[in-house]
Amino acid sequence: MTDSKVYLLDGGTLVIDASDVHWHIDAGTPVRFPVYSVLIEHPDALILYDTGYDLDHVNAVLPFELPLQTPEQTIPAQLALCGYKPEDVDIVINSHFHFDHVGGNKYLTNATTLVHKEELRHAKVPEPFERLGYSDVSFDYPGVTYRPISGDYEIVPGVWLFETPGHTIGHYSLLVELQNERSMLFCGDAAYTRTTLEKEWIAGFHLDPTKSVEAIRRLNYLARTRDADVYPSHELESYEQWKVAPQFYGGS
Ligand SMILES: [Zn+2]
């Protein structure tokens, strides 16, 4: 059987306050962090987990997050680095529907969007404090094909979604098993940083802080029992140690 290849797609950076990275910690300290997507070239399907942010949207709606994104850091350009066009993607799954994870969905017009049914409902009718997070609804373009799911879910053999709610109501983390390399556990915003996982410090943005702590414990449990390397979502120091596209993991 052919092994999967896993590409990390660079989507540029944003700035938030340190107290939003770790709730109530280091208030008043701006932190620049990476935004990335995960492309999985699996024998059964080409899958994209998260799609970064749309620069025009952030400049218009959240300019205070000081976006830095070159034309090479958009989803079409990053897919091209890996030899693909947006129409080649079969399945897109967003860890959640916040603006910095959905900006490229609109280019993936042949893909089926796997979506946690609660996440889709919340994105459409957010609580007042969630409105900025869910401000980019371009993922809901005319003609989009949704497949609602719930619970843990195996997308194709060896590629798993695990429910990790708290940051949002229907948040999914992703586990990719490889034949000759360690499994890769992509936390999504259930863990912004390694410190999140080590100290169980949740992010400042959340729907349910108690569930957020449980999600962190679930990620640590999965990393331990599945022998997986952990990839937090928004930490420059970690990100700079990883291989990014056109380099890849797996494929042997
Ligand atoms: Zn995020």
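Residues numbered from 1 in each chain as written. Predicted model: local features only at pLDDT ≥ 70, side-chain atom pairs only at ≥ 80, totals over all residues. Heavy atoms only, no water.

- Looking at an unreviewed UniProt entry, one finds the chain named N-acyl homoserine lactonase family protein and attributed to Lacisediminihabitans profunda.

1. Examining a nonpolar patch on the surface
Item 1. Taken together, the side chains of V61, F64 and L132 present a nonpolar region at the surface, about 270 Å² in accessible area.
Item 2. Here L132 lies in the loop between α4 (117-124) and β6 (145-149). (Patch = residues over 30% accessible without salt bridge, like charges linked within 9 Å, V, L, I, M, F, W, Y side chains within 5 Å. Areas by Shrake-Rupley, 256 points an atom, 1.4 Å probe, with all protein chains shown as cover. Salt bridge = Lys/Arg side-chain N within 4 Å of Asp/Glu carboxyl O. Helix = DSSP H or I, 4+ residues; strand = E, 2+ residues; numbered from the N terminus.)

2. What to know about the coordination of the zinc ion
Item 1. At this site the zinc ion is bound by D100 (OD), H101 (NE2), D189 (OD) and H234 (NE2), with donor distances of 2.1 to 2.2 Å.
Item 2. Because the angles between the 4 donor atoms bound to the zinc ion fall within 88 to 159 degrees, the donor set is best described as irregular.
Item 3. Of note, the zinc ion draws all its donor residues from one chain, in the sequence arrangement D-H-x87-D-x44-H. Of the two residues, D100 sits in the loop between β4 (91-93) and β5 (112-116) while H234 sits in the loop between β11 (228-232) and α7 (236-239), which places them 134 residues apart along the sequence. (Donors = N, O, S within 2.8 Å, 3.2 Å for Na, K, Ca; no water. Tetrahedral: all angles 85-135°; square planar, octahedral: opposite > 155°, others 65-115°.)

3. As for the pattern of salt bridges
Item 1. For the structure shown, the criterion picks out 9 salt bridges.
Item 2. With a closest N to O distance of 3.0 Å, K106 and D54 form a salt bridge. Taken together, the residues span a long stretch of sequence, with K106 in the loop between β4 and β5 and D54 in the loop between β3 (45-49) and α2 (55-61) at a distance of 52 residues.
Item 3. Here R182 makes a salt bridge to D227, at a shortest N to O gap of 2.9 Å. Here R182, found in the loop between β9 (172-176) and β10 (183-188), pairs with D227, found in the loop between α6 (209-225) and β11; they are 45 residues apart in sequence, far enough to count as distant.
Item 4. Residue D227 is classed as partly exposed on the basis of its relative accessible area of 47%.
Item 5. One network of salt bridges, in which partners are shared, links R182, D227 and D229. (Buried < 20%, exposed > 50% of the residue type's maximum accessible area, 1.4 Å probe, protein only.)

4. Details of the side chain of T51
Item 1. Turning to its location among the elements, T51 is positioned in the loop between β3 and α2.
Item 2. One polar contact links the side chain of T51 to the main-chain amide nitrogen of G103, over a distance of 3.3 Å.
Item 3. In terms of polar contacts, T51 uses its side chain to reach the side chain of N105, at 2.7 Å.
Item 4. Apart from residues no more than four positions distant in its own chain, T51 is found in contact with S37, I75, V92, N94, H101, V102, G103, G104, N105 and L108. (Polar contact = N/O pair within 3.5 Å; in protein donor to acceptor, adjacent residues only side chain to side chain. Contact = heavy atoms within 4.5 Å.)

5. Section: the layout of surface pockets
The rolling of a water-molecule-sized probe over the atoms marks out the regions of remaining empty space.
Item 1. Roughly 420 Å³ of volume is contained in the largest pocket.
Item 2. Around the largest pocket sit 23 residues that line it, and E65, H98, F99, G133 and F205 are the ones nearest its centre.
Item 3. In terms of residues, the lining of the largest pocket owes the most to one element, strand β1 (residues 5-17), which gives 3 residues.
Item 4. Of the residues in the lining of the largest pocket, the class split is 11 nonpolar, 6 polar and 6 charged. (1 Å grid on protein atoms, 1.4 Å probe; cavity = no way out; pocket = protein on both sides within 12 Å on 5 of 7 lines; lining within 4 Å. Points joined across faces, edges and corners; volume = space filled by probe spheres on them. Nonpolar A, V, L, I, M, F, W, Y, C, P; charged D, E, K, R; others polar.)

6. Quick word on the sheet that holds β4
Item 1. Pairing is mixed across the open sheet formed by 7 strands, whose spatial order is β6-β5-β4-β3-β2-β1-β12. A single partner strand is all that each edge strand has here, and the edge strands are β6 and β12 (249-250).
Item 2. In this structure, strand β2 (residues 30-42) lies alongside β3, joined through 5 bridges in antiparallel fashion. Among the inter-strand pairings, H42 is bridged to a residue of β3, identified as A45. (Pairing = 2+ DSSP bridges.)

7. Focus on the UniProt feature "domain: Metallo-beta-lactamase" (unreviewed entry) in the chain
Item 1. Per the UniProt record, the feature "domain: Metallo-beta-lactamase" (unreviewed entry) sits at residues 34-234.
Item 2. Structurally, residues 34-234 comprises 22% helix and 26% strand, and the distance from its first C-alpha atom to its last is 5 Å. (UniProt positions renumbered as here; feature names shortened; annotations may be inferred.)

8. Describing α6
Item 1. Between its first and last C-alpha atoms α6 spans 25 Å; for 17 residues at 1.5 Å apiece the expected length is 24 Å, and the two agree.
Item 2. Among the residues making up α6, those that are buried are S212, A215, I216, L219, L222 and A223. In an axial view of α6, the angular spread of the buried residues amounts to 125 degrees, which keeps them on one side of the axis. Turned more than 90 degrees away from the buried face of α6, the exposed residues are T210 and R224. (Expected span 1.5 Å × (residues − 1). Arc of directions from axis to C-beta.)

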